[in-house]
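Structure assessment
So you can see what is in the structure, the chains are spelled out below.
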Amino acid sequence: MRVPLSWLREYVDLPATETGRDVQAKLISVGLEVETVEQIGDGLKGPLVVGKVLTIEELTEFKKPIRFCTVDVGQANGTGEPQEIVCGARNFAVGDKVVVVLPGAVLPGGFAIAARKTYGKTSHGMICSGDELGMGDDGSHGIIVLPPEHEVGTDAIELLQLVDEVLDIAVTPDRGYALSIRGVARETAIAYGLPLRDPALLDVPQPNAFGYPVRIADPMGCDRFTARTVTGLDPEARSPLWLTRRLQKAGMRPISLAVDITNYVMLELGQPLHAYDRTRVQGPIGVRRAEQGEKLTTLDGVTRTLDAQDLVITDDRGPIGLAGVMGGANTEIDDTENTTTEVVVEAAHFDALSISRTARRHKLASEASKRFERGVDPQAASAAAQRTVDLLVLLAGGTADAGVTEVIAPSAPHTITIPANHPDKVAGVDYGRETVVRRLQQVGCDVYGQDELIVTVPSWRPDLTDPNDLAEEVIRLEGYENLPSTLPKPPAGRGLTDRQRLHRRVGRALAGAGYVEAPNYPFVGEHVFDQFGLAADDPNRKVVKLVNPLSDEEPALRTTLLPGLLGALRRNDGRGAHDLALFETGLVFHPREELKVAVRLPVDRRPTDEEIASLTEALPAQPRHAAVVLTGAREQAGWWGKGRPSDWADAVEAARVLAREAGTELVVRGGQYGPWHPGRCAELAVVVEGVEQVIGYAGELHPGVLKTLGLPARTSAMELDLDVLESASAGVPKGPKISTFPVATQDVALVVDVSVPHADVEGALREGAGELLESIRLFDVYENAAQLGEGKKSLAYALRFRAADRTLTVDEASAARDTAVSLAGERVGAVLRG
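Since this is a predicted model, take the numbers as computed values, not measurements. The residue numbering used here restarts from 1 in each chain and proceeds along that chain's sequence as written. Two thresholds apply to this predicted model, a pLDDT of at least 70 for residue-level local features and 80 or more for giving and counting side-chain atom pairs, whereas whole-chain, interface and lining totals are computed over all residues. Think of the side-chain values as coming from all heavy atoms in the structure, minus any hydrogens and water.

Moving on, we get to the pattern of salt bridges. We define a salt bridge as a contact between a side-chain nitrogen of Lys or Arg and a carboxyl oxygen of Asp or Glu at a distance within 4 Å. Following the criterion strictly, the structure yields 55 salt bridges and no others. Of the charged contacts in the structure, one is a salt bridge between Arg-289 and Asp-218, with a shortest N-O distance of 2.6 Å. Taken as a pair, Arg-289 in strand 17 (residues 285-289) and Asp-218 in the loop between strand 14 (214-216) and strand 15 (222-231) lie far apart in primary sequence, 71 residues in all. Connected through shared salt-bridge partners, Arg-175, Glu-187, Arg-461, Asp-463, Glu-472, Glu-473 and Arg-476 make up one network. Comment: elements are numbered from the N terminus, with helices defined as DSSP H or I runs of at least four residues and strands as E runs of at least two.

To continue, consider empty space enclosed by the protein. Definitions used for this entry: grid spacing 1 Å over protein atoms alone; cavity, a set of points where a 1.4 Å probe fits but cannot get out; pocket, an open set with protein on both sides within 12 Å along at least 5 of 7 lines; lining residue, one with an atom within 4 Å of a point. Grid points are joined across faces, edges and corners, and a volume is the space filled by probe spheres set on the points. Tallying each qualifying case throughout the model produces one cavity of 30 Å³ or more. Roughly 110 Å³ of volume is contained in the largest cavity. Lining the largest cavity are 14 residues, with Tyr-177, Ser-180, Leu-269, Gly-270 and Asp-377 sitting closest to its centre. Looking at the lining of the largest cavity, the element that brings in the most residues is helix 4 (residues 181-192), giving three residues.

Turning next to the sheet that holds strand 17. Pairing between two strands is assigned when DSSP locates at least 2 bridges connecting them. Here we have five strands laid out as an open sheet, ordered 14-17-20-21-22, and mixed in their pairing. With partners counted over all chains shown, the strands left at the sheet margins are strand 14 and strand 22 (326-327), one partner each. The sheet contact formed by strand 20 (residues 311-315) and strand 21 (residues 318-322) spans four bridges and is antiparallel. From the neighbouring strand, Asp-315 faces strand 21, where its bridge partner is Gly-318.

With that settled, consider the layout of surface pockets. The gaps left among the atoms become clear once a water-sized probe is rolled over them. Taken as a whole, the largest pocket holds about 1500 Å³ of empty space. Arg-656, Val-668, His-758, Ala-759 and Glu-762 are the residues nearest the centre of the largest pocket, which is lined by 41 residues in total. Sorting the residues of the lining of the largest pocket by element identifies helix 17 (648-662), strand 35 (667-670), strand 36 (676-688), strand 37 (691-701), helix 20 (758-769), strand 40 (773-782) and strand 41 (792-801) as the ones contributing at least two each. It is helix 17 that provides the largest number of residues to the lining of the largest pocket, a total of seven residues.

Let us now look at the side chain of Glu-165. The topology assignment puts Glu-165 in strand 13 (residues 164-170). For every residue, the accessible area (1.4 Å probe, protein chains only) is compared with the maximum for its type, and the residue is labelled buried under 20%, exposed over 50%, or partly exposed between those bounds. None of His or the chain ends enter the tally, which takes Lys and Arg as positive and Asp and Glu as negative. No salt bridge is formed by the buried Glu-165; its nearest oppositely charged neighbour, Arg-9, is found at 6.0 Å. Separated by 3.0 Å, the side chain of Glu-165 and the backbone nitrogen of Gly-20 make a polar contact. N or O atoms within 3.5 Å of each other form a polar contact, as long as, within protein, one can give a hydrogen and the other can take it, and as long as residues adjacent in sequence are counted only when both atoms are side-chain atoms.

The geometry of two aromatic rings is summed up by the distance between their centres and the angle between their planes. Two rings from Phe, Tyr or Trp (for Trp, the six-membered ring) form a pair when their centres are within 6.5 Å of each other. A pair whose planes differ by under 30 degrees is stacked, one over 60 is edge-to-face, and the rest are tilted. Within the structure shown, the criterion is met by nine aromatic pairs. Judged by centre distance (5.5 Å) and plane angle (80°), the ring pair of Trp-639 and Trp-640 falls under edge-to-face. In this structure Trp-640 comes out as exposed when scored by relative accessible area, which is 55%. Ring geometry for Tyr-673 against Trp-676: centres 6.3 Å apart, planes inclined by 35°, an arrangement best described as tilted.

Below is the structure:
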């Protein structure tokens with residue numbers, strides 16, 4: 001919202017010495033985000049005057065049209081003689097009043113004016129356009145032609161209001177009242193402790209039966225509709241300079257008198273209005289929901305297909321406007337042929353949610369919809385209509401009809417009960433009842449009561465809905481900067497939870513293993529599950545959908561981390577980084593079978609465990625997952641060796657790293673799921689309270705999935721459920737006891753069928769070796785049909801034995817090894833090689 005300081009001063013008697021910067025600081029202190037203060041006309045220096053064109057000589061000997069003019073500028077040049085000026089513009093004629101800058105003046109941007117010889121003539125000054133004076137877009141892009149009533153020699157700097165300061169305010173969604181001069185003036189008056197001259201305090205005639213007929217079919221969508229009629233308008237009337245300049249400073253382009261007046265009143269009072277050419281409206285004006293598939297051509301010339309939820313303005317022909325967003329082309333005021341002499345003025349109040357959804361649905365953001373969706377003062381509609389009628393009568397010579405239409409749906413003012421000391425508790429400051437009441441009254445509330453206050457919220461503040469909103473008003477007006485800086489005192493025993501500790505350890509472990517963390521947005525499109533090849537009944541296909549997603553292509557919350565990670569991998573690979581190892585830890589979301597309503601938590605105390613549990617039950621299930629993706633080289637080539645590409649085993653090893661951090665045993669076996677290659681996929685499981693649970697998968701992704709997603713060949717991935725992994729752990733891992741006795745190492749090579757997983761062989765060896773076994777490591781896999789036989793492979797293990805209280809003998813170590821090999825033979829048919 002752009003607010004000219006000169007306009008603001010009309011409603012608040014600011015000290016003459018106050019600059020835009022001073023007002024900015026005051027408004028920021030009461031909570032408005034004033035981003036910049038624009039100095040309009042900065043550096044402008046006269047003489048800049050009104051002149052009358054006396055003669056025009058066309059200079060035809062040049063490549064482009066040039067005109068040599070004489071202009072009467074009165075006594076502004078010190079002589080009273082006509083001023084000779086060379087000009088290339090052609091949108092003025094003899095007798096026109098124009099803006100003339102004389103030698104010695106300086107235009108915005110430091111452009112000094114002096115007499116100079118050009119095109120064979122001497123030009124003593126310049127005839128100015130709006131762009132040269134920094135006036136903004138007036139739609140003409142040519143020389144400023146003034147109305148004939150302005151006297152020659154008049155100071156044009158004051159006439160055109162060329163010097164001013166404009167506050168640019170970023171209005172947050174909860175402060176729709178600040179999208180008006182009225183609302184900003186109220187905040188300014190509060191900040192300075194000055195009275196406000198409310199522009200909405202007008203004498204408005206009572207509604208009667210003679211007004212333009214209006215029919216409201218949807219009182220929930222439109223609870224107030226005011227219609228006024230003005231006839232006898234002068235179709236040649238133009239917007240006066242003061243009106244066009246205020247619109248330009250506020251960032252709007254002047255169009256025609258009737259439209260300019262409705263825009264002016266909207267900026268002034270915050271109430272969007274619409275003016276219809278009455279001769280083009282057929283029958284009563286109505287408000288209803290659109291019929292599915294109805295068509296409407298809006299003022300921007302686009303024919304739109306309407307939705308059944310759209311609120312429309314109609315006449316006997318059908319829709320003539322998209323309510324609260326944009327009018328229709330079939331009833332617009334014609335600003336080209338100047339034929340409009342009768343106008344129906346609409347000032348209505350529409351449902352904010354309906355207008356917001358319509359504007360988003362049609363991708364049609366307008367000044368009107370921006371205000372309606374943030375909340376417009378319904379009580380200001382009749383005053384805005386009256387203000388519009390008054391200006392049409394004053395500036396266009398019209399006559400206001402006696403008929404006044406006002407359709408109002410019954411409603412009661414919103415009241416809030418609040419303890420008088422509630423703001424004190426929220427802020428931790430002793431304001432006292434007197435201060436609380438005074439501040440609430442300043443924002444327009446009616447306050448009654450002593451210890452328990454009954455507050456009636458003003459109509460222009462629909463954002464005030466509960467006691468905390470009122471507390472915020474008191475706190476912001478008393479000054480956030482006055483709140484004491486105090487450190488909270490956390491109760492003992494409420495540090496990091498075990499879940500949080502595991503989350504941190506996992507992140508550090510993966511980073512230490514060479515992975516780079518790549519957090520992603522938790523949004524997905526359901527098409528990704530088809531790309532992953534998930535079964536139709538897969539639980540991961542059941543998603544929680546957002547009512548207002550950031551992107552229509554990703555309306556759901558993720559049930560797996562892989563879409564985001566693989567998308568990050570694809571982007572980085574496409575930008576030339578081909579050796580990648582990424583990881584992410586984060587929440588995934590699963591809908592609950594039974595939907596519950598969330599409770600509102602208190603802010604004056606810590607929620608109880610029961611309240612937190614109730615809130616948690618109303619939310620989707622949110623387990624924490626960890627995932628990695630790899631592609632390219634896992635070990636870089638160099639002088640030290642050839643390097644090694646990443647493969648499925650690296651993804652499995654990442655899962656083992658997480659299991660070690662959780663202090664639990666991970667069961668790894670062959671598996672098959674979704675996007676993973678059926679022959680290179682490991683199923684990951686843990687034992688929780690004696691029951692084995694599958695917690696994820698790791699391995700190489702399916703070539704079909706890689707092709708569909710545009711990923712490099714041989715890309716691998718791992719994902720597991722950290723919460724279940726934590727539940728299987730014995731708490732924080734403890735460091736192993738270090739024995740002072742030497743280790744005894746025994747190597748064994750076992751021949752098994754190629755279908756036997758290494759995990760099964762290792763499990764049998766570990767169980768058979770007993771308590772003397774310190775560690776076991778697979779160090780070689782060998783396949784050779786000529787030596788081992790068809791369908792056989794050799795697995796070589798290094799077994800380390802150690803006792804805590806003695807040095808083991810060779811016989812003890814050999815016996816433990818033989819027992820381990822024997823059990824492996826019984827379990828998986830393993831035979832010692834050689």
